[in-house]
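Structural features, examined
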Amino acid sequence: MKVPLSVYIGYDSRQPIAHAVAAESVAVHATRPVPITSLRLNQLPITRRGLTEFTYSRYLVPYLSGFTGYSLYLDSDTLCRADVLDLLPYPIAYPETAVFVVPHKLSFERPSVMLFNNAKCRMLTPDYVQDSRNGLANLSWTPDIGSIPPAWNHLVGYDLPNPAAKIVHFTKGIPVWPETKDSEFSAEWWAVANRLGSSVSFQELMGKSVHVQKVIQ
Amino acid sequence: MNVGFYLTSGDAPGYVYADALVRSVRAVMPGVPVHQFTDMTSPSVWGIDATHRLPAGPLSMLRSAHYASVEGEWLFLDTDCIVQRDVRDVFDESFDVAVTDRNWPHVPPLDESFTASMPFCAGVVFSRSPRFWEGVNRIVSLMPEKDQNWFGDQRAMCRLLATGSYAFKILDGSVYQYPPESDPFDAYSPVIVHYKGLERKKYLMSRIHRELALA
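First, a word on what this report is: a plain description of the structure on this page. None of these values were measured; they are calculated from a predicted model. (Residues numbered from 1 in each chain as written. Chains lettered and ligands numbered in written order. Predicted model: local features only at pLDDT ≥ 70, side-chain atom pairs only at ≥ 80, totals over all residues. Heavy atoms only, no water.)

Overview of the overall build of chain B
On a plain count of helices and strands, chain B comes out with eight helices and nine strands. Expected size for 215 residues packed as a compact globule is a radius of gyration near 17 Å; at 16 Å, chain B falls within 12% of this value. Overall size of chain B, expressed as C-alpha extent along the three principal axes, is 45 × 40 × 35 Å. Residue pairs in contact within chain B that sit at least 24 positions apart in sequence constitute 68% of those at least 6 positions apart. Carbon together with sulfur atoms contributes 56% to the accessible area of chain B, which is approximately 9,400 Å² in total. Side chains of chain B give 20 positive and 26 negative charges; the mean places of these two sets differ by 2 Å. (Helix = DSSP H or I, 4+ residues; strand = E, 2+ residues; numbered from the N terminus. Rg over C-alpha atoms; globule rule 2.2 N^0.38 Å. Contact = heavy atoms within 4.5 Å. Areas by Shrake-Rupley, 256 points an atom, 1.4 Å probe, with all protein chains shown as cover. Lys, Arg positive; Asp, Glu negative; His and termini not counted. Charge placed at Lys NZ, Arg CZ, Asp CG, Glu CD.)

A short note on the pattern of salt bridges
Tallied over the full model, the rule gives 20 salt bridges over all chains. When the shortest N-O distance is used, the salt bridge between R58 of chain A and D75 of chain A registers 3.2 Å. With R58 of chain A in the loop between β2 (36–39) and α2 (61–64) and D75 of chain A in the loop between β3 (70–74) and β4 (78–80), this pair connects stretches of sequence that are 17 residues apart. R58 of chain A sits in the buried class, given a relative accessible area of 8%. Take D75 of chain A: its relative accessible area is 8%, and that puts it in the buried class. Between R88 of chain B and D86 of chain B there is a salt bridge, and its shortest N-O distance comes to 2.7 Å. (Salt bridge = Lys/Arg side-chain N within 4 Å of Asp/Glu carboxyl O. Buried < 20%, exposed > 50% of the residue type's maximum accessible area, 1.4 Å probe, protein only.)

These figures come from the coordinates and say nothing about function on their own.
Below you can see the structure in the form of structure tokens.
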């Protein structure tokens, strides 16, 4: 069975844990296998960067998807708490819309979670994204912008607390620093981060493995 | 297999058509349960096996919600259909949903943009996937009100199938959903006849009167 949604997550080499948590949280809540791709600038056909390594590379998502199907882009400082496949009805209901975002008052936050109808985003070629004359964050590259509910890009520290948030965006910083450790959803973020660094005992996982004797020797 | 049709009291002529539909199912598939999907207050068609009720809502929303609420193998039909032969063997094959194309060479061609956006007609659908209809229902819920009140579910069905995320089979529309151009129509004997559109309702009523007279 084909899954018509792929997920791309920004990657910044200065903070790999952010990406790891975001990716794990997407995978955990998905009800079907969803391909998840890291946007690593050194692997992409552009060099343009901004405050982060993925400031501009996110706009390559439709190109990287072959301009077919639907793709979800997430900033690395996000925590997913819902099945991303629940977003699919939006581009199917509105097939002429190129990109769906949460229409935040802070307009620069809109591109931090984008749901692309890739076939409608053919203008986002590597040359176009690389060209510094093209401001991309204002989404002026398309007139066809749709909305998804605010829960899909909940801005911690800006939006009112929302226990039903589906994608939490730690836009003021993931809760790894003293300045941000008490953020809304901090405990949930840490639960995922701790799980990523955890393992059961050697005996529990490898005890019945053919490698045990070799290890003991 | 079960047969289900959607009908509320807002569609009074539909009760006449549904009566004929039920009799046709009984004639060619005795023992197959026939169900009506409706709102909380509309009457049931006489002689059916079960009535499924949900709170009233826009046509496409309520119909897709009903289809999403039932498990097992289902043939969903519009009330203005007549089943002429046993169709249970369709379920011998593996699929989530089986739909019919618009292979109707005897009918004047439809507008290309219409058929491009809705290549399949939801008047006859074989289904074993409530999840598919949940998806349709969620897509319809995002559509403008006019689509929710008319064929938004058909549009959503076609678009969801186009994503390739469900296994579907395409049946020949000239066999499984034949729209006649007269009554009686020629010797060709389709499996399911669909009297879609106002003009064909006259043919359906003509057939109903003729067959009742013979009964």
